[in-house]
Structure formats: C-alpha cells, structure tokens
Amino acid sequence: MGAAKSGRRIGLWLLLLILLVAPIAGSKLGLISNFMVLQLSLMIVYAIAVLGLNLLTGYNGQISLGHGAFFAIGAYVAAVLIDRYDLPWWSTLPIAAASCFVAGYLFGLPALRLEGHYLALATFALAIAVPQILKYRHLENLTGGVQGINLIKPDAPFGLPLNSDQWMYVVVFVVAVFMFWVARNLLDSRIGRSLMAIRDHAMAASTMGINIAQTKAITFGISALYVGVAGALHAIIFEFVAPDSFRIDVSISLLVGMVVGGVASLFGSVLGGVFVQVIEKYADAGARLLSQSLHLPIDIEPWTIYGIALILLVYVMPTGIAGGLAALWGRIRRRSGN
Amino acid sequence: MEQLIQQVASGLANGAIYACLALALVMIFVSTDHINFAQGELAMFSAFLCWQFMDWGLTFWLALPVVAFISFLVGVSVERVILRPLHNAPVLSIVVVFIGLLAIFHSMAGSIWGHTIKQFPSPFPNVHFAGSGYIGPHQIGMVVVTLLLLLALFAFFRYTPIGLAMRAAAQNPVSARLVGIRVDMMLALGWGLAAAVGAVAGALVAPVVFLEPNMMASILLYGFAGALVGGISSPGGAVAGGFIVGILENLVAYFGNLLEKSTGIYVVGNGEKLMVALIIVITVLTLKPSGLFGHVTVKRV
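Let me sum up the structure you'll find in this document. (Residues numbered from 1 in each chain as written. Chains lettered and ligands numbered in written order. Predicted model: local features only at pLDDT ≥ 70, side-chain atom pairs only at ≥ 80, totals over all residues. Heavy atoms only, no water.)

## Side note on the overall build of chain B
Helix and strand content of chain B: 11 helices and zero strands. Along chain B, from the amino end to the carboxyl end, the secondary structure elements read α-α-α-α-α-α-α-α-α-α-α. At 19 Å, chain B has a C-alpha radius of gyration in line with the 19 Å of a compact globule built from 301 residues. With the C-alpha coordinates aligned to their principal axes, the bounding extent of chain B is approximately 65 × 50 × 40 Å. For chain B, with 301 residues in total, the buried portion stands at 57%. Pairs at least 24 apart in sequence give 74% of the contacts found in chain B among residues at least 6 apart. (Helix = DSSP H or I, 4+ residues; strand = E, 2+ residues; numbered from the N terminus. Rg over C-alpha atoms; globule rule 2.2 N^0.38 Å. Buried < 20%, exposed > 50% of the residue type's maximum accessible area, 1.4 Å probe, protein only. Contact = heavy atoms within 4.5 Å.)

This is how it looks when you write it as structure tokens:
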C-alpha cells in the first residue's frame, strides 16, 4: 500500500511538472502563441474560482448563485491597490484573499438563517446588484466608475527569460497548486468532515458537537477567499476590470463550471474551470458552426449551450464529468477484475 | 409635494408590474416549493413574442391574449417535461435546472430577435385627463390592466371548480388526490397560469423599459422583493408586496435626492435601485422570512 501511495504521489508531481513546463516550452519553441498561454492561465484561474464555489455548494450544501460578487471584490481590490496605491501586484493577492474572506464571512452570517431555495434567492439578488454596487458614486474615485481600471501585465522578475504571459502562467499555476493542496488537506481534516456532515444531515451533525453556525459562516468566508484570489489573478492577467464585466454571467459561469465539472470534486473543479474558459472563448465560433451545419435560420448563442448542458447534466450525469469518469473507471476495473 | 405625489404614482405603476411577477413567483412556490429563477426571462420572451405579433400586423389587444395563451402552453410543457421528473431531486438540481432555463430563454431571445433595443409602442391612447400631470396614460393603463387581471384571477381561484381544485392541490396534495383531484395536472396548470401572468407583465412593462433580452433582470429582482415582503406563501400578500416595493423604490430615490439637495451629501439615488432591492431581499429573508402576510412554516424533524 505504502509503495503504491508514494508511487502515485511521484506520478502526481511528475504530471504537475509537465503541466507547468510544457506550455512554457511550447511557447518558447513557437508551437503555441502567447494568446494560448493566456487562455491556459484563465482556465486555471476559473478552476480556482470553481473550487471556491464547490467548497461552499458542493461540500457544504449552501447554494450560492452570487459568487461573481466575490470574484468582483477580489478583482477590484487587486486593481485598485495596483492602480491607485502603486502596490506591487503580488502583494495584492493576500490582501484580496483577506478582504474576500471577511466579505464572505459577513455575508455568510445572515445566510445562516437561509436554506436551499432561500439562500439561492438571496445570492441571486446579490449577483444582479453587483454592477450597480461597483458604480456607486462614493466608490468612483477608487473604482473609476463605469470606465473601470486598466492595468499592465507584470514582467518576469530577476531577468528570467520569460515574457509576461509565460511568467503569469507560472504564477497562476503555482498559486493554483498551492490552493488546491490546501483545499485537499482542509477537506481531509476535521473541518472538512464537519462540512460534509452538515450538508448531509445538519441536525445529526449538531448532536455530534459540530458548531453549525460557525462552520457554515467560516466556510462561506473560505469559499469567498478562493473566488476572490481567482478574481485578483483574473484582473492582473486580463489587465482590465469594469463594473459591467461582473454581471450575473460570472456567477452563472461558476455554477455551470461546478455542475459540469463535478459537484464536490477537486478534479471536477479543474475540469469546470477549463469548461468555463473554453465555452467563453470558443462557444461563439462553435455555435455559429453548429447553426450553419444544421442549417438553422438563427445563430445559436453560447448561453443556449450552457442551458442545455446544465439541464442535460442534471438528468444524465448529476455528478458532473468527474463523477461520470469515476463511475466509468469503476465499471472498467470491475469488469477487468472478473 | 407635487413631485412626491408624482413619485408615488409612478411607483404604483411600476408596482403593478412587480405585483404581477411576484404573483407568478408565488403561484409556483405555493404549489411546488420551487423559486422560479427563469420567471423574468420567460416574461421577456413573451414580450418579444407580443412585439413579433404586432410587427406582423396584429393590434396589441389581439396579440396579448394570443401571447398569454402561448406562454401558458410553454409554462405547462416546461413543468411537465423538464421539472416533473425531478420531483424528488435535491434542491441544487432544481436550482440548476432553473438557471439552465434562464440561460436558454435569454439566449434564444437574443438569437431570434437580436440584442438591439426595440421600441415597443404603448397600447394606451395618449390623452389628457384630470391628474395627467401626475401620471402618464401608460402608467394608468398598467395599473388598470393589472388590477383587472388580479380580479379575474381572484374570481377564478375563488369561484370556479378548477380554481378550488388548484388551491386544494397546493395546500394539501395528499388529501386532494384522495378526493379525486389530479394534482399533477393542477401543478402544470399553475405553472401555465404563472407564465401567462408573467407574459402580461412583460408586455405591459416593455414600452417603459424598452425591449431587449436584459430588460427583465432588475424587474425580476423587484418581483422577488415584492413576493418576499408580502410573504412568499401568500398570493394576496405578494400583490400587496409588489405595490409596496414599487412605491418604496421611488420614495427612497426621492428622499435620497432631497437629502442631497438640502445637505449636499449623496447617499442613494436612481443609480442604487437594485441595491435597495437587494437590501430589502436580505432584510426580509433574515428578519421576517414569512413576510407581512405569509404564514410561518413549521418543519417537522
């Protein structure tokens, strides 16, 4: 057993190393463009955000339709600190994390009284109101109002032979690995087990001595922290924030990513992040191709694919792609075992 | 003072729309315990349909019943085909399906009719009347049509056998089934009626906010606020809540402007209307989830 486990660990490290080095090498050799490197970085950023939502909704059972709000807070904290206060970009990540933890914790306190549909409703309201909050007149000095804030992508330090896209890929990748590692350990701990216990049966959990209120509020905070870090990274590599890029679309994208990738699954969160970015970038072209090849009189829009994917998945694969793959793998193993 | 009356009057007019949406939400909620996040997009889609019929030459008053009937059929089929099989599914699945419906209706409207803003002519004659300084003809029309609709619905639920059966199915499905009511049918019927009410709301509000796929997002938020203020388990309460929220929305902006004029401090204005709705939603949900007129639900453990 021990040997198998350490073997698996070495395999994981190797895989991570390949995932880190391959795009950089490919880009150095001219096989993939800087634009592709940026796309890969954005996928990883969304994976972190989907993981954040998954911690709350998948593992703890609190449904949020408004996590775009925390994404926006993280993005704006980073952008404002860099643009108005000239802080170095890397120092904004922990600050964004801390602010989002506090914001999430505070939002989580009233949310304690809400369950299921009601929590979904409150967070849905939050998601709709986000752009207006960002345009609030007293914040305009900081946030730049409707215009938003333009940033400049940071260059690699110490004379590293990387351009800014490649450098940011390394940064995003390392941050993501760290955050997934923390999440895995957290879920594997006492706290993680109490999260799932609350989701599965709140009353039983409380009779076992779990402080439900505190656990739920802290989970909200941690979840917001993850999404906030993702938002900050997004602002830095996308070089732009504006109120209208944080409409309800962001919250819905994260939800779609979680459901498609896999609810309550770390691997599923990665898949979800990839899915969100692929759809965002390529769905327009894909949908146009689809409507042309089917000779439809109208252009299909990406959201139609989102919607159909959501409804189909609920029916066909309620555990998402990650769950579906796991079930498939289990079936193959059982068959080969017999 | 004159301005204040104007604000209250136009608040009433907006409130009529919120009341319709709130009622549609409540009609689905009381019978299925689901919150229909796609209600706004359904109404938007119906408004586009109405515009399409008018573009083809129908008058508004001919197009409206046709669209309401089509929306009714759409509502019934959504319930029967998509939601019925998920009867015992976890809450997350239900919410996800509603978000999926929202995305589909939103994007389909964009695909079919485009994202440019369309003018939607007001169906009401532009006449002068006593008090027309305070409220426009379209606003009066919205209130009147809404009140007529509500009256008709009330009569339907109160005095017809189907209405009675629907109320029974919502209140106590098991007993209703035992006395021979087809509860499944009643749920689908409720969905259809809700969609039809939403369609009327969409067609009435389209001349005010202009027709485009995003038109309903903020209105739906106010519909939610109205339903919650009145009590999401009480149809009459939801209607009252819709009107209350409509007036409140304008009063907050009005007093915000007044404050700014007298003290120079800007706190809240027209730009913060959605924030006001958000605060109403969260306050009601946390402090008095049953709303003003709803009944407190007791959960058996």
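The structure having been displayed, the exposition proceeds.
## What about the packing of aromatic side chains?
According to the stated counting rule, one finds 26 aromatic pairs over all chains in the structure shown. Among the aromatic side chains, those forming a connected cluster through ring pairs are Y46(A), F71(A), Y76(A) and F246(A). In this structure, K118(B) packs its charged tip against the face of W51(B), placed 5.1 Å from the ring centre. (Phe/Tyr/Trp six-rings, centres within 6.5 Å; stacked < 30°, edge-to-face > 60°. Lys NZ or Arg CZ within 6 Å of the ring centre and 35° of its normal.)

## Observations regarding the nonpolar core
Of all hydrophobic cores here, the largest spans 208 residues; its most connected members are F124(A), F246(A), F37(B), I99(B) and L101(B). At 16 residues, the largest contribution of residues to this core is made by helix α8 (residues 183–209) of chain B. If sequence neighbours within four positions are ignored, I99(B) has contacts with L65(A), F124(A), I252(A), L255(A), L310(A) and F37(B). (Core = buried A, V, L, I, M, F, W, Y, C linked by side-chain atoms within 4.5 Å.)

## As for the interface of chain B and chain A
Taken together, the contacts link 53 residues of chain B with 43 residues of chain A. Both faces combined, the contact of chain B with chain A buries some 4200 Å², and carbon together with sulfur accounts for 77% of it. If you sort the residues of chain B by the area they bury against chain A, L92(B), Y266(B) and L285(B) come out on top, with a joint share of 13%. The tally of links from chain B across to chain A stands at five residue pairs in polar contact (both at pLDDT 80 or more). (Buried area = accessible area lost by both parts, 1.4 Å probe. Polar contact = N/O pair within 3.5 Å; in protein donor to acceptor, adjacent residues only side chain to side chain.)

## A look at the state of the cysteines
Residues and elements named next belong to chain B. Applying the stated criterion across every chain yields a total of zero disulfides over all chains. The thiol of C20 is unpaired, and the distance to the nearest cysteine sulfur, on C50, comes to 14 Å. By relative accessible area, which is 0% here, C20 ends up buried. (Disulfide = S-S within 2.5 Å.)

## Overview of helix α10 (residues 235–263) of chain B
Along an α-helix, residues three or four positions apart point the same way, because every turn accommodates 3.6 residues. Here α10(B) spans 41 Å end to end across 29 residues, near enough to the 42 Å set by a 1.5 Å rise per residue. Positive backbone phi, at 80 degrees, marks G264(B), one or two positions downstream of α10(B). (Expected span 1.5 Å × (residues − 1).)

## Some details on the pattern of salt bridges
Per the stated rule, a full pass over the model turns up six salt bridges over all chains. A salt bridge links D83(A) to R84(A), with the nearest nitrogen and oxygen atoms 2.0 Å apart. The shortest N-O distance in the salt bridge between D184(B) and R84(B) comes to 3.4 Å. One end of the pair, D184(B), is in helix α8; the other, R84(B), is in the loop between α3 (60–83) and α4 (91–113), with 100 residues separating them in the sequence. According to the relative accessible area criterion, D184(B) is partly exposed, its value standing at 31%. Through salt bridges with shared partners, a single network forms among E79(B), R84(B), R177(B) and D184(B). (Salt bridge = Lys/Arg side-chain N within 4 Å of Asp/Glu carboxyl O.)

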